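Single-letter residue listing:
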Amino acid sequence: MEYRIIKSPTQGTLDILTRRKGSGAGRELGPVDAVGLIQGRMIEMVCAADVAEKAVGVTVEDIRGNCPQNMILLAIFGDTASVEAAMDEIRRREKEGREEW
């Protein structure tokens, strides 16, 4: 999996992600101080979304794109501390290498 965090994203960055999110632009995100981006295989991304939402109060969205390798991109929206905590928990679970997340 690949990871990135955007702290204090610009409105333009949020607009790009909003247009491409799986639930569509109609679902409001609320205040966003940071965006965590995670890319990986479908099975990893479904588990990562579950871990992130259970760990802290964040909103997770799949981001549509065209990737021939079938990689999926998730965006984790929330305040900076919550996004960082969600990303840390996903990394920790991945490092453990357990089949059960």
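Residues numbered from 1 in each chain as written. Predicted model: local features only at pLDDT ≥ 70, side-chain atom pairs only at ≥ 80, totals over all residues. Heavy atoms only, no water.

Caption draft 1: Representation of the environment of Gly57 in the model. Within the secondary structure layout, Gly57 lies in the loop between helix 2 (42–55) and strand 3 (59–63). Counting along the chain gives 14 residues from Gly57 to Ile43, while the straight-line C-alpha distance between them is 22 Å. (Helix = DSSP H or I, 4+ residues; strand = E, 2+ residues; numbered from the N terminus.)

Caption draft 2: Unusual backbone geometry, seen in detail. Not every positive phi belongs to a glycine, and Ser8 is a case in point at roughly 50°. With respect to the helices and strands, the residue Ser8 is situated in the loop between strand 1 (2–7) and helix 1 (11–20).

Caption draft 3: The arrangement of the packing of helix 2 against helix 3 (residues 80–96) in detail. Direction vectors running N to C along helix 2 and helix 3 enclose 130°, while the axes themselves pass 9 Å from each other. The pairing of helix 2 with helix 3 is recorded here as oblique in orientation. Between helix 2 and helix 3 the crossing geometry is right-handed. Together, Ala48, Val51, Ala52 and Ala55 of helix 2 and Ala86, Glu89, Ile90 and Arg93 of helix 3 make up the contact between the two elements. Residues of the contact of helix 2 with helix 3, tallied by class, amount to six nonpolar, no polar and two charged. (Axes fitted to C-alpha atoms, helices over the stretch in contact; angles between N-to-C directions. Parallel < 35°, antiparallel > 145°, perpendicular 65-115°, else oblique. Left-handed = near helix turned anticlockwise from the far one by under 90°. Contact = heavy atoms within 4.5 Å. Nonpolar A, V, L, I, M, F, W, Y, C, P; charged D, E, K, R; others polar.)

Caption draft 4: Molecular detail of the nonpolar core. In this structure, Ile38, Ala52, Val58, Val60, Ile76 and Ile90 are the most contacted members of the largest nonpolar core, which totals 16 residues. Breaking this core down by element, the ones donating at least two residues are strand 2 (34–41), helix 2, strand 4 (71–78) and helix 3. The element that contributes the greatest number of residues to this core is helix 2, accounting for five residues. With sequence-adjacent residues up to four places away left out, Ile76 is seen in contact with Ala34, Val35, Gly36, Ile38, Ala52, Val58, Thr59, Val60, Val83, Ala86, Met87 and Ile90. The next biggest cluster of nonpolar side chains, apart from the first, holds nine residues, and it includes Leu17, Leu37, Ile63 and Ala75. (Core = buried A, V, L, I, M, F, W, Y, C linked by side-chain atoms within 4.5 Å. Buried < 20%, exposed > 50% of the residue type's maximum accessible area, 1.4 Å probe, protein only.)

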